[in-house]
Protein chains: 2
Amino acid sequence: MAKRSTVIDVAESAGVGASTVSRHLRGITVRPKLAERIEKAVRELDYEPDETARSLRGGRSRTIGVLFPKVSNAYFSHALQRIEELASEQGYTVALLTHHNDPKEQLNDLLTLRRCRAEGVIITAMPGTTLQDIRAVLPSEPIVSLDSFFSPELDSVLLQNRQSAANATRHFLEHGYKAVACVTARPGTYSYRERMDGYSAELRSRGLQSRMIVAQDYPELDEMLRVELSSEQRPEALLALSDTAVLHIMKLFQELRLSPAQRPKMIGFDDFELAAFLDVPLSVVRQPIPEMVDAAMNSLLRQIKEGTTPGTQTLSMPGQLIIRNSCGCK
Amino acid sequence: MAKRSTVIDVAESAGVGASTVSRHLRGITVRPKLAERIEKAVRELDYEPDETARSLRGGRSRTIGVLFPKVSNAYFSHALQRIEELASEQGYTVALLTHHNDPKEQLNDLLTLRRCRAEGVIITAMPGTTLQDIRAVLPSEPIVSLDSFFSPELDSVLLQNRQSAANATRHFLEHGYKAVACVTARPGTYSYRERMDGYSAELRSRGLQSRMIVAQDYPELDEMLRVELSSEQRPEALLALSDTAVLHIMKLFQELRLSPAQRPKMIGFDDFELAAFLDVPLSVVRQPIPEMVDAAMNSLLRQIKEGTTPGTQTLSMPGQLIIRNSCGCK
DNA sequence: CTGTTAGCGCGTTCAG
DNA sequence: CTGAACGCGCTAACAG
């Protein structure tokens, strides 16, 4: 590990003071002759400023933390992609942490973020998280909640979950389907709860009964689905609240050897590129991920810049109902 | 922004010296009475060590850098997921950077990693990267190349690209197809090059001519595909070297209104959960992502632990040919 | 405009 | 086993 040069090495080599080097490197005007000598010394010594020292000195880590349940699905990986791009444009580095919906891990991750002096945090918190949980660890750092909501005192960026679910449900109703069921696991998750509400409200407004196929986890959901889909009064249509729910439903269709004609109609949440090429092209509610991330990062950067500004603003973005065939449309 | 407590605050509050606090917190034995007083002070002052100061002092940033072209596809997002899990188990934080196959960005990202004193780096380098490009910025830090190869002096973890492509090609041949084409964009990419080689070698060994549908970028690939698939001598089978290539092919099938029976057979690279539910269930070469990441992280951590150990070892993992229907099988 | 100096918060000496 | 003092590399404050 070759020893790294420091400002002082550069300063000596250039025959100037350390702070002159520092200033020049940060774009503050210095005498042109000195500037040149500094540049030369930097090149010769292969100098690169030490970010850890800079962080300590300046109290700014130039790091923003991203705390997601996981990153291995379409929604989070696309969101992360865009976060990284915007962050790096602004000179920030992304520290990535995932909590897997485990409270212990989430707490740990928050502590890590605190120890690292993350200047801001974008979080999709696990169900049941409270503002106190967060503020106990991160008392006053800028935070934006993405796709989760647990306090009006925090900026949140969300899908218009209720409305989107209601729209999708209404679409089924307009097809003339009466027996529309709502399927999801992990019903504690904020966005799922909202979507369930939107679905129920829409049915209720038409005097129809809601039918929940809701399980705590996915193995349990598989069981419930098996029962429901084998029954005589199989639902005519399914509103699947997540891409994972869609996947489990599809697996069951296959297991039960249901031909496309025999299957209930379906609308899912979260679009993906191959959705149009499924055996029955999948109709979905698409989330405006880039716009959501832009809003979240704007809020976060503004909070960072303006100091202790608790934005106290929640943005809900409309979902787009992408009609393909699984909803019953031709 | 509430002021943070420091070791000294804790020391004063506990009536001990600063170094005693530091020692206790790092698990070194201290007098039990003092230990208790320290714990109490830590709780009262809500003290949490400052990682930036620690990094500066100790020269260890406890950060590992991940530099990928992007994270918004199945392969990279799953790899990243596992990297994050292993890193955080070992007390490391992941700094995420993406280079979008732009040399300028890649260089920038490497500089960032250097400034941050990343203790190790996992990189999927862009085509054309040389060892010198990397070592010019990161002279001697532990590095593992994942899914890219540019020097035997660096530990690399790869798919057995050539063999996997050859196997898939052979599978087509066993079906009796003669006109097997290979389709990809970005032919400079290391793994695509290898797959092309494996494909060609297999055909050559049977005395067959290879047929490359290879473009610099995806728009150009679309053009080529349109021509090739509309021609009289349309290929019987397509080996698609990436999930993106598969997607573009599927789009074209749709645009050309090719019924499943009319389409060329196809095998893709990279499995995804819904591959089994496409209108023609997709046969693919699946990469053993968890095993690849485990190997990469093992190597990286070993290098970090053992100091300046240039592992100089390249691991190739076998791909698994997942047979569904698109290859011509029932 | 420039150079010198003093910390940022921690861990690691060195005496005691 | 403990505490005081130093220094990691940088930048803000001060004095020239």
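About the criteria used
- Residues numbered from 1 in each chain as written.
- Chains lettered and ligands numbered in written order.
- Predicted model: local features only at pLDDT ≥ 70, side-chain atom pairs only at ≥ 80, totals over all residues.
- Heavy atoms only, no water.
- Near = heavy atom within 4 Å.
- Polar contact = N/O pair within 3.5 Å; in protein donor to acceptor, adjacent residues only side chain to side chain.
- Helix = DSSP H or I, 4+ residues; strand = E, 2+ residues; numbered from the N terminus.
- Nonpolar A, V, L, I, M, F, W, Y, C, P; charged D, E, K, R; others polar.
- Least-squares fit on C-alpha atoms with pLDDT ≥ 70 in both.
- Contact = heavy atoms within 4.5 Å.
- Axes fitted to C-alpha atoms, helices over the stretch in contact; angles between N-to-C directions.
- Parallel < 35°, antiparallel > 145°, perpendicular 65-115°, else oblique.
- Left-handed = near helix turned anticlockwise from the far one by under 90°.
- Buried area = accessible area lost by both parts, 1.4 Å probe.
- Salt bridge = Lys/Arg side-chain N within 4 Å of Asp/Glu carboxyl O.
- Pairing = 2+ DSSP bridges.

## Concerning the protein's contact with DNA strand C
Now for step 1: Around DNA strand C lies a shell of 24 residues, among which Thr20 and Arg31 of chain A together with Val7, Tyr47 and Arg57 of chain B are the nearest.
Now for step 2: Counting only atoms of DNA strand C within 4 Å of the protein, the sugar-phosphate share comes to 60%.
Now for step 3: In the environment of DNA strand C, a phosphate oxygen lies 2.5 Å from a nitrogen or oxygen atom belonging to the side chain of Thr20 of chain A.
Now for step 4: Listed by contribution, the elements that provide at least two residues to the surface near DNA strand C are helix H2 (18-25) and helix H4 (51-58) of chain A together with helix H2 (18-25) and helix H4 (51-58) of chain B.
Now for step 5: Broken down by element, the surface near DNA strand C gets its largest block of residues, four residues, from H2 of chain A.
Now for step 6: A breakdown of the residues in the surface near DNA strand C according to their chemical character gives nine nonpolar, eight polar and seven charged.

## Description of the relation of the copies chain B and chain A
Now for step 1: Of the two same-sequence chains, chain B is brought onto chain A (RMSD 0.1 Å, axial shift 0.1 Å) by a rotation of 180°. The two molecules are tied by a two-fold rotation axis, judged by turn and shift.
Now for step 2: Most of the interface of chain B is mirrored in chain A, where 100% of its interface residues again form contacts.

## Observations concerning the packing of helix H10 (residues 218-230) of chain A against helix H11 (residues 243-255) of chain A
Residues and elements named next belong to chain A.
Now for step 1: It is at 10 Å that the axes of H10 and H11 come closest, and there the two elements cross at 45°. One element, H10, and the other, H11, form an angle in the oblique class. Relative to H11, the crossing made by H10 is right-handed. Residues Tyr218, Asp222, Leu225, Arg226 and Leu229 of H10 form the contact with H11, whose participating residues are Thr244, Ala245, His248, Ile249, Leu252, Phe253 and Glu255.

## Overview of the interface of chain B and chain A
Now for step 1: Counting residues at the interface gives 49 residues for chain B, matched by 49 residues for chain A.
Now for step 2: Taking both sides of the interface into account, the surface hidden between chain B and chain A amounts to around 5,200 Å²; carbon and sulfur atoms contribute 57%.
Now for step 3: When the area that chain B buries against chain A is broken down by residue, the three leading residues are Arg4, Arg117 and Phe277 of chain B, summing to 15%.
Now for step 4: Here chain B is connected to chain A by seven salt bridges.
Now for step 5: For Arg117 of chain A, the salt bridge identified is with Asp50 of chain B, shortest N-O distance 2.9 Å.
Now for step 6: Between chain B and chain A we count 23 residue pairs in polar contact (both at pLDDT 80 or more) in total.
Now for step 7: Of all the elements in the fold, those that place two or more residues in the side of chain B that touches chain A are H4, helix H5 (74-89), strand S2 (93-98), helix H6 (103-115) and helix H11 (243-255) of chain B.
Now for step 8: Taken together, the residues that form the side of chain B that touches chain A break down as 21 nonpolar, 13 polar and 15 charged.
Now for step 9: With three bridges joining them, strand S2 (residues 93-98) of chain A and S2 of chain B adopt antiparallel strand pairing. Paired with Leu96 of chain A across the two strands is Val94 of chain B, which belongs to S2 of chain B.

Function cannot be inferred from these measures alone, as they are strictly geometric.
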